[in-house]
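Below are the chains, spelled out letter by letter.
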Amino acid sequence: MPIAVISSLYRCEKHLPAFTAAVFGFAKRVSESGVSAHFLPVVNDATRREHERIDQLASEINSHYYGRMTPIYVARETLYASWNRGLAATQAPCFTFWNADDFRSSDALIEGYSALRSGATLVDFDYTRVTRVKRLSLFPQEVRIQAPCMFDGESLTRRSGIGPFFMASRSLYTRAGAFDANFQVAGDTEWASRAAPYAKFYRGQAEGGDFIVHGDNLSNSGGDREAIEVNIIFMRLGAWEQLRPANPRAMREAWEAWGNSGQIALPPEEARFLWGSAAEARWRRYQNERRQPAALRRLRLALASRGLLHSVEWSMAHRGSDRL
């Protein structure tokens, strides 16, 4: 029973030295534990250097019999299109993903593999969120925060998505359907929202690895695209209380172009909230509030909780409040 380890790569030359070294060590450890892994790097619009390094890594893994690596070179596509492509290229009955800028724990994969063999169909882990902060020094400093596994098969909220080191069975992928390639940032959470009703979930005891936040990540960036995609996930579910202000024009364009399957009738009050006449001002105020320094933000929320000032962020987090 092999496991597919899929990596979607694009313009990752600066991460390749650490990534290829980590993958080789990981492959050795996993192979020695008796786990058969099929590594599938899907390299988007590869540079010559990327091509050389990935081919070299594949040669080393395959010649040492530390599992198997099959590089796939494609024109640029979305992350989730590459994930689907990788899954189509292997018959492995379970799978996981590895971003080139993260560090994956072999112990967690071994534990998750055992859980999947024993009947689980979805495995997730606690992990460490590592933020690299540039200060007045030669090297960036790291802030490490323990991030608990937040998956909840009973209900999906903005705080209960899937982690970066999750593992799943192909049977669950077949049941839930492929990843939605229209998404660029939050497609894993959208897939989890479809998979949750069918999943037999196991929470791993090992830590999944280090999720590195360096400023160029697709997710956890706080950007417009991420906010829009997360809204679309909850709009598809009809979970209107989970919606948050986003760029009104871009939000409406995304919903009408690809977000709505054509079967979802958006309530008029939700349309007004997202892109009505007051939406632009609300969105900008929401952004400004969330960008405030941590101490000022805590003070503002504390005052808002006592009714001493109005806060869009507070009203969004407590949906019994007026949405404006």
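Structure shown above.
Residues numbered from 1 in each chain as written. Predicted model: local features only at pLDDT ≥ 70, side-chain atom pairs only at ≥ 80, totals over all residues. Heavy atoms only, no water.

What follows concerns the pattern of salt bridges. Tallied over the entire structure, the rule returns 20 salt bridges. The salt bridge involving R48 is made with E52; its shortest N-O contact spans 2.8 Å. Highlighted residues: R48 and E52, both in helix 2 (residues 48-63), separated by 4 residues, approximately one helical turn. Taking the relative accessible area as the measure of exposure, R48 reaches 61% and is therefore exposed. Using a relative accessible area of 35% as the deciding quantity, one classes E52 as partly exposed. The salt bridge partner of E313 is R290, with a shortest N-O separation of 3.4 Å. (Salt bridge = Lys/Arg side-chain N within 4 Å of Asp/Glu carboxyl O. Helix = DSSP H or I, 4+ residues; strand = E, 2+ residues; numbered from the N terminus. Buried < 20%, exposed > 50% of the residue type's maximum accessible area, 1.4 Å probe, protein only.)

So, on to the state of the cysteines. Inspection of the entire model under this criterion finds 0 disulfides. With no disulfide of its own, C94 lies closest to C149 among cysteine sulfurs, the gap being 18 Å. (Disulfide = S-S within 2.5 Å.)

For R11, which is not glycine, the phi dihedral falls at a positive 50°. Here R11 shows up in the loop between strand 1 (3-10) and helix 1 (16-32). A positive phi is found at Y65, a non-glycine position, where the angle reads about 60°. Considering the arrangement of structural elements, one finds Y65 in the loop between helix 2 and strand 3 (68-69). With relative accessibility at 68%, the residue Y65 sits in the exposed group.

This part covers the packing of aromatic side chains. Within the structure shown, the criterion is met by 20 aromatic pairs. With 6.1 Å between their ring centres and 25° between their planes, F166 and W191 make a pair best called stacked. Separated by 25 residues along the polypeptide, F166 in the loop between strand 8 (141-147) and strand 9 (167-169) and W191 in helix 6 (residues 187-195) bring together distant segments of the chain. The burial state of F166 is the same as that of W191; both residues are buried. One aromatic cluster in this structure is built from Y80, W83, F95, F97, F166, Y173, F179 and W191. (Phe/Tyr/Trp six-rings, centres within 6.5 Å; stacked < 30°, edge-to-face > 60°.)

Moving on, we come to the pairing of strand 2 (residues 37-44). Most of strand 2 sits inside the fold, with 8 of its 8 residues counted as buried. With 8 bridges joining them, strand 1 and strand 2 adopt parallel strand pairing. Each residue of the ladder has a partner; that of I6, found in strand 2, is L40. Note on the crossover from strand 1 through helix 1 to strand 2: the handedness is right-handed. (Pairing = 2+ DSSP bridges. Right-handed = clockwise from strand over helix to strand, strands pointing away.)

With that settled, the discussion passes to the packing of helix 1 against helix 2. One way to put it is that helix 1 packs onto helix 2 with a least axis distance of 10 Å and a crossing angle of 15°. Taken together, the axis directions place helix 1 and helix 2 in an arrangement best described as roughly parallel. Considering only the axes of helix 1 and helix 2, their crossing is right-handed. Residues L16, P17, T20, V23, F24 and A27 of helix 1 form the contact with helix 2, whose own contacting residues are E50, R53, I54, L57, E60 and I61. The class makeup of the residues in the contact of helix 1 with helix 2 is 8 nonpolar, 1 polar and 3 charged. (Axes fitted to C-alpha atoms, helices over the stretch in contact; angles between N-to-C directions. Parallel < 35°, antiparallel > 145°, perpendicular 65-115°, else oblique. Left-handed = near helix turned anticlockwise from the far one by under 90°. Contact = heavy atoms within 4.5 Å. Nonpolar A, V, L, I, M, F, W, Y, C, P; charged D, E, K, R; others polar.)

Moving on to the packing of helix 7 (residues 224-237) against helix 8 (residues 248-259). Between helix 7 and helix 8, the least distance of the axes is 10 Å, while the angle of their chain directions is 50°. As far as their axial angle goes, helix 8 and helix 7 are oblique. As for the relative orientation of helix 7 and helix 8, their crossing is right-handed in sense. Here helix 7 contributes R225, I228, E229, N231, I232, M235 and R236 to the contact with helix 8, which in turn contributes A250, M251, A254, W255, W258 and G259. Across the contact of helix 7 with helix 8, the residue classes break down as 8 nonpolar, 2 polar and 3 charged.

Buried within helix 9 (residues 268-275) we find E270, A271, F273, L274 and W275. For helix 9, the angular spread of the buried residues around the axis is 160°, confining them to a single face. For helix 9, the exposed residues lying more than 90 degrees away from the buried face are P268 and R272. Where helix 9 is buried, its residues meet helix 7, helix 8, helix 10 (279-290) and helix 12 (312-317). (Arc of directions from axis to C-beta.)

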